[in-house]
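Listed here are the chains, written in short residue letters.
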Amino acid sequence: MRISSDPAARRRLAILAGAATAALIAGVAIGAGAGDDAADIRDEREPGQRSGQVDTPAEAVDRLSLRQQVGQLTISSFEAGPLPDYVRRRLRAGETAGVILFGFNAATRGDWRRLTRAVQRPARGGALVMVDQEGGDVQAVAFAGPPVGQPLQGDPAAVRHGARAAARRLRAAGVNVNLAPVADVPGGPAPVMGSRAFAGTASGIAARTSASIEGMGAAGVGATAKHFPGLGRAQVNTDDGSTVVSGDLDADLVPFRAAIEARVPLVMLSHALYPAVDPRRIASQSPAIVDGLLRDELGFDGVIATDSIEAQAVLDRSGVARAAERSIRAGADLILMTGSASWNAVHPWLMRRARASEAFRERIRLSAARVLALKERLGLLD
């Protein structure tokens, strides 16, 4: 994902927009205590569900309503300015897992702290707050660093030190998830990730990827290895159009294997097509890539997020709601929405599909439990 400061790119986004514990469960119930939304949530609760009981994530998820379980699979966004009331309502009702923030949402340290506190207040401290903070030109929090992009961040020791320092500033600003590092291995005449990926061989990139994850984790920020199974040989950014990554993926997977060994909490899916694994479905919608390759073969048991669901490579195939359903069915856990109105299409669509299919409800339940486990790991749930 790339959010440009170019006004034209912002306009395109605007057009696209056109509890692991009692704290979560009780907070959601209290926050949903007014109006039709509250009645809807109560009606969907299973008989015998109770508030105030401390559970593991696997147990807690069964005490969330279906609307809340679906909500835990969505990440919301909004345009510049104070936190909108509609996002505040979603957070209070437990109908979104958190937000992704960009440089246009806040500027100074004070701005960031005020904004992230405003996010956490209705969420009872349990919201995922995400940014893109790779370094260099790609950093939402301008003062946090790293000051240079991944290709120039040095050897693994330097990468680890820089990631830890940046993550401390992010956490102080109220950010708890960084959608970095880029774990792609650049290749081809004009690799679109060439200016954003670590330099070196696949093994060297793997070592730097692990170091970045460890540095962020030491400062309490969850890292995200992206863009699985590797966007390094793509010559087109999937934000801008469809692309195909041909050939075997042996080298591309090396950094992701290292990331999983380093206990990365999140992996982000690419929107490219990988004919060697699935000739029909893009990675973010491919059961063979998500459940088969990432879960079964590589053994990743953390949270799997899509890249921006509004990417052109996605929109070339369907609207955001159908794309979100396809991604969840493939095995993704979080739908990353960078268009402020996308939730209005995605959440109701997933609700309808879940009500119609027991198998899809179970898929949602498993993903929601993983998201609760991530929140617990990040210390968001008391």
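Since the structure is predicted, the reported quantities are computational estimates derived from the model, not experimental observations.

Student: Explain the packing of aromatic side chains here, please?
Tutor: Ring pairs (aromatic) are described by centroid distance and by the angle formed between their planes. Per the counting criterion, the structure on display carries 2 aromatic pairs. For Arg 329, the ring lying beneath its charged end belongs to Phe 360, and the centroid distance is 4.3 Å. The aromatic ring of Trp 349 is capped on one face by Arg 353, whose charged end is 4.2 Å from the ring centroid.

Student: What's the story with the pairing of strand 11 (residues 303-306) in this structure? I'm lost.
Tutor: Sheet faces and side chains relate simply in a regular strand, where the side chains alternate between the two faces. Burial along strand 11 is two-sided: Val 303 and Ala 305 and Ile 304 and Thr 306, pointing in opposite directions, are all buried. Here strand 8 (residues 266-269) runs beside strand 11; their pairing, made up of 4 bridges, is parallel. Counterpart to Leu 269 in the pairing with strand 11 is Thr 306.

Student: Help me understand empty space enclosed by the protein, please; the structure alone is not making it clear to me.
Tutor: Empty space among the atoms becomes visible once a probe the size of a water molecule is rolled across them. The computed volume of the largest cavity comes to approximately 100 Å³. Along its surface, the largest cavity is lined by 15 residues, and Gln 133, Pro 146, Ala 163, Ser 212 and Met 216 are the ones closest to its centre. Every element with two or more residues in the lining of the largest cavity is listed here: strand 4 (133-135), helix 8 (156-172) and helix 9 (202-218). For the lining of the largest cavity, the element with the most residues is helix 8, which contributes 4 residues.

Student: Help me out: how do you make sense of the pattern of salt bridges in this one?
Tutor: Applying the stated criterion to the full structure yields 17 salt bridges. Between Arg 114 and Asp 111 there is a salt bridge, with its nearest N and O atoms 2.9 Å apart. Of the two residues, Arg 114 and Asp 111 are both situated in helix 7 (residues 109-120); the distance of 3 residues between them amounts to about one turn of the helix. Looking at Arg 114, the relative accessible area reads 53%, which means it is exposed. The salt bridge involving Arg 281 is made with Asp 278; its shortest N-O contact spans 3.4 Å. Relative accessible area serves as the criterion here: at 31%, Arg 281 is assigned to the partly exposed category. Look at the salt bridges and you will find they share partners, linking Asp 132, Glu 134, Arg 196 and Lys 226 into a network.

Parameters at a glance
Residues numbered from 1 in each chain as written. Predicted model: local features only at pLDDT ≥ 70, side-chain atom pairs only at ≥ 80, totals over all residues. Heavy atoms only, no water. Phe/Tyr/Trp six-rings, centres within 6.5 Å; stacked < 30°, edge-to-face > 60°. Lys NZ or Arg CZ within 6 Å of the ring centre and 35° of its normal. Buried < 20%, exposed > 50% of the residue type's maximum accessible area, 1.4 Å probe, protein only. Helix = DSSP H or I, 4+ residues; strand = E, 2+ residues; numbered from the N terminus. Pairing = 2+ DSSP bridges. 1 Å grid on protein atoms, 1.4 Å probe; cavity = no way out; pocket = protein on both sides within 12 Å on 5 of 7 lines; lining within 4 Å. Points joined across faces, edges and corners; volume = space filled by probe spheres on them. Salt bridge = Lys/Arg side-chain N within 4 Å of Asp/Glu carboxyl O.

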